[in-house]
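Summary of structural features
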Amino acid sequence: EAGVTQFPSHSVIEKGQTVTLRCDPISGHDNLYWYRRVMGKEIKFLLHFVKESKQDESGMPNNRFLAERTGGTYSTLKVQPAELEDSGVYFCASSQDVDSPLHFGNGTRLTVT
Amino acid sequence: AQRVTQPEKLLSVFKGAPVELKCNYSYSGSPELFWYVQYSRQRLQLLLRHISRESIKGFTADLNKGETSFHLKKPFAQEEDSAMYYCALSSSGGSNYKLTFGKGTLLTVNP
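1. Re a positive patch on the surface
Positive charge collects at one region of the surface, where Lys41 and Lys44 of chain A together with Arg3, Lys9 and Lys103 of chain B lie side by side. The topology assignment puts Lys44 of chain A in strand β5 (residues 43-50). Judged by relative accessible area, which is 48%, Lys44 of chain A ranks as partly exposed.

Rendered as structure tokens:
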């Protein structure tokens, strides 16, 4: 099966600009998650979708971050406006149900200059 | 609040030597613990989870609630074990999606 795919693999933007990250989960996986690792810190949970609904967005750092999953397929994570501290690696993961192992994508490395 | 600590950022061993990657946690509830691994140029993937009580690629991990530890062990390290290892804890009441990760330990197995 195709794994979780994320686009782009790298993104370099200036402070104040907008960036949109995309995640395509494994086909048939209703559960989709976003995580991120900022420099020197742990990988941290951002939010969880079940189909198109946000089940848990307790990890979203602030209102500059907007995640969507229209139609319950792929998801986007938009950062607007980007700040320097948003630099890091953004991971997407999916699972068949909440008790199943998470399948991670390769991540998007975001650099804000 | 839950926390996962991996005290070693780097760990280097020789092929055939035993290896132990340390993980300690703090959590007020009943924890579910995992080890994830990321090989070079590959994605993060689940290695094992404590409730499965299984051995994957020769690795085992035992949950010690008294010491709040979940150390990962392998009796004879192989070069292909070189990777980044993350210990993680689930705080979502049995579901494993909301993981708290440690900072990771980079294991290098030398020939």
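2. Overview of the state of the cysteines
Counted according to the given criterion, the structure contains 2 disulfides over all chains. Each sulfur of the disulfide joining Cys23 of chain A and Cys92 of chain A lies 1.8 Å from the other. Since a negative S-S torsion denotes a left-handed disulfide, the Cys23 of chain A-Cys92 of chain A link at about -65° is left-handed. Separated by 69 residues along the polypeptide, Cys23 of chain A in strand β3 (residues 19-24) and Cys92 of chain A in strand β9 (residues 88-95) bring together distant segments of the chain. According to the relative accessible area criterion, Cys23 of chain A is buried, its value standing at 0%. For Cys92 of chain A, a relative accessible area of 0% puts it in the buried group. The residue that forms a disulfide with Cys23 of chain B is Cys87 of chain B, at a sulfur-sulfur distance of 2.0 Å. As the torsion about the S-S bond is roughly -65°, the Cys23 of chain B-Cys87 of chain B disulfide counts as left-handed. You can see Cys23 of chain B sitting in the loop between β3 (19-21) and β4 (24-26) and its partner Cys87 of chain B sitting in strand β9 (residues 83-92), a full 64 residues away along the chain. This pair shows no difference in class: Cys23 of chain B is buried, exactly as Cys87 of chain B is.

3. Regarding the pattern of salt bridges
Residue and element names in this part refer to chain B. Under the defined criterion, the tally for this structure stands at 8 salt bridges over all chains. Where Lys73 meets Glu20, a salt bridge forms, and the shortest distance between an N and an O atom there is 3.7 Å. Highlighted residues: Lys73 in strand β8 (residues 72-74) and Glu20 in strand β3, separated in sequence by 53 residues. Lys73 sits in the partly exposed class, given a relative accessible area of 40%. Residue class for Glu20 comes out partly exposed when judged on its relative accessible area of 28%. One salt-bridge network, in which partners are shared between bridges, spans Glu20, Lys22 and Lys73.

Definitions and cut-offs
- Residues numbered from 1 in each chain as written.
- Chains lettered and ligands numbered in written order.
- Predicted model: local features only at pLDDT ≥ 70, side-chain atom pairs only at ≥ 80, totals over all residues.
- Heavy atoms only, no water.
- Patch = residues over 30% accessible without salt bridge, like charges linked within 9 Å, V, L, I, M, F, W, Y side chains within 5 Å.
- Areas by Shrake-Rupley, 256 points an atom, 1.4 Å probe, with all protein chains shown as cover.
- Salt bridge = Lys/Arg side-chain N within 4 Å of Asp/Glu carboxyl O.
- Lys, Arg positive; Asp, Glu negative; His and termini not counted.
- Charge placed at Lys NZ, Arg CZ, Asp CG, Glu CD.
- Helix = DSSP H or I, 4+ residues; strand = E, 2+ residues; numbered from the N terminus.
- Buried < 20%, exposed > 50% of the residue type's maximum accessible area, 1.4 Å probe, protein only.
- Disulfide = S-S within 2.5 Å.

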